[in-house]
Amino acid sequence: MSSQIKACLYALATALMWSTVATAFKLTLDHLDPWQMVFWSVLTSTLLLGGFVIAQGKWPQLIQQGREHFGLYILLGFLNPFLYHIVLFGGYDLLPAQQAQALNYSWPLALTLLAVPLLGNKLSFKDGICCLLAYLGVLIISTRGELENLNFGSPQGVILMLSSTLIWALYWILNARNKGDSQVGLLLCFLFGLPWITVAVFWQSSVWPIPVEGLSGALYIGLVEMGFAYIFWLKALKLAKNTSVISNISYLSPFLSLIFIANVLDESIHISTYVGLLMIVSAVVFQQRKPASEKPSEAPVASNH
């Protein structure tokens, strides 16, 4: 089996895992508040990632990388897993799962826009058209297609979801400065983010007692959304000879996610959700498409919800 086929299989497994998490978020939020959910899922993921790093003998590298970029990891840990997931789960708490997960997939366009002031990038005509198309899709989803009335079901939920895309984009821009081992760097982000989360959960909520259903959901999210999905995606990137192929595979997940949302959560999927999501994903894929003469760059970690 070639490395490209293996990369595609890892990417497909990642997309399948990501497709379940929107449903897991909503089910878990029936039993936990967002603060508790972040704490228990991040703790679970940190233990899982730590086990992988230790098993690979990368413990010395973990210490060295943490020392060299101590200040950067404090900031990265604050952004993700802490702030990003608090805002993300807050949005899921207020919106139907179909709306929340679709809005989250607009993050690559948020990255394009943030790169203008932060990296000095120029917004091309193509980028501008893609952003307009994607955010029109966001508007269609948010209003359930009632554009003439601009009737948002939960304006606060929409704001939180769009804010989460900006936070993720900012995290990605800053994380690109770190040239160390990707898996070690991810663990460091979680290790440095855990103190922020611990203080916040004791300030805003409590860690115990919680329902068994809520704890089970948080463990699943920590193992799948924050754990194995990241590990498999990084493995796919490492094996891929053409990263644009596996990047496109990841965009199967929002459409697969609607199947779980409809059948497990019993949400009636609106036509506006399909239309808006198709607009967002089409804009993202077209915006990231490279000319045939240009070598594809390493695909970033795609939005995973």
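Rules used in this analysis
- Residues numbered from 1 in each chain as written.
- Predicted model: local features only at pLDDT ≥ 70, side-chain atom pairs only at ≥ 80, totals over all residues.
- Heavy atoms only, no water.
- Helix = DSSP H or I, 4+ residues; strand = E, 2+ residues; numbered from the N terminus.
- Buried < 20%, exposed > 50% of the residue type's maximum accessible area, 1.4 Å probe, protein only.
- Patch = residues over 30% accessible without salt bridge, like charges linked within 9 Å, V, L, I, M, F, W, Y side chains within 5 Å.
- Areas by Shrake-Rupley, 256 points an atom, 1.4 Å probe, with all protein chains shown as cover.
- Salt bridge = Lys/Arg side-chain N within 4 Å of Asp/Glu carboxyl O.
- Expected span 1.5 Å × (residues − 1).
- Arc of directions from axis to C-beta.
- Contact = heavy atoms within 4.5 Å.
- Polar contact = N/O pair within 3.5 Å; in protein donor to acceptor, adjacent residues only side chain to side chain.

Topic: unusual backbone geometry
A cis amide bond links Asn80 with the next residue in sequence, Pro81, at an omega value of 25°. Here Pro81 lies in helix α4 (residues 70-94). The omega angle of the peptide bond from Trp208 to Pro209 is 0°, so this bond is cis rather than trans. Tracing the backbone shows Pro209 in the loop between α9 (182-204) and α10 (212-239). We note that Asp266 has phi near 60°; this positive angle belongs to a residue other than glycine. Here Asp266 is to be found in the loop between α12 (253-264) and α13 (271-288). For Asp266, a relative accessible area of 64% puts it in the exposed group.

Some details on a nonpolar patch on the surface
Together, Leu27, Ile259, Phe260 and Val264 give the surface a local cluster of nonpolar side chains, amounting to about 330 Å² of exposed area. Sorting elements by how many residues they give to the nonpolar patch places α12 first, with 3 residues. By the secondary structure assignment, Leu27 is in helix α1 (residues 3-29). When its relative accessible area of 38% is taken as the criterion, Leu27 is described as partly exposed.

Here's the deal with α12
The first and last C-alpha atoms of α12 sit 16 Å apart over 12 residues, in line with the 16 Å expected at 1.5 Å per residue. Where α12 is concerned, the buried positions are Ser253, Pro254, Ser257, Leu258 and Ile261. Down the axis of α12, the buried side of the element spans an arc of 145°, and every buried residue falls inside it. Structurally, α12 contributes buried residues whose contacts are with α1, α5 (97-104), α11 (243-249) and α13. Two residues or fewer after α12 comes Asp266, characterised by a positive phi angle close to 60°.

Quick word on the side chain of Ser142
Relative to the assigned elements, Ser142 resides in helix α7 (residues 125-142). The exposure class of Ser142 is buried, given its relative accessible area of 2%. At 2.7 Å, the side chain of Ser142 and the backbone oxygen of Val138 are in polar contact.

Focus on helix α3 (residues 59-68)
Every buried residue of α3 is accounted for by Leu62, Gln65 and Gly66. Seen along its axis, α3 keeps its buried residues to an arc of 100°; they face one direction. Exposed residues pointing more than 90 degrees away from the buried face of α3 are listed as Pro60, Arg67 and Glu68. Those residues of α3 that are buried lie in contact with α4 and α9.

A look at the pattern of salt bridges
A side chain of one charge can pair with a side chain of the opposite charge when the charged atoms of the two come close. Counted according to the given criterion, the structure contains 1 salt bridge. Between Lys58 and Asp181 there is a salt bridge, and its shortest N-O distance comes to 3.0 Å. Of this pair, Lys58 sits in the loop between α2 (34-55) and α3 while Asp181 sits in the loop between α8 (155-175) and α9, placing them 123 residues apart in sequence.

Function cannot be inferred from these measures alone, as they are strictly geometric.
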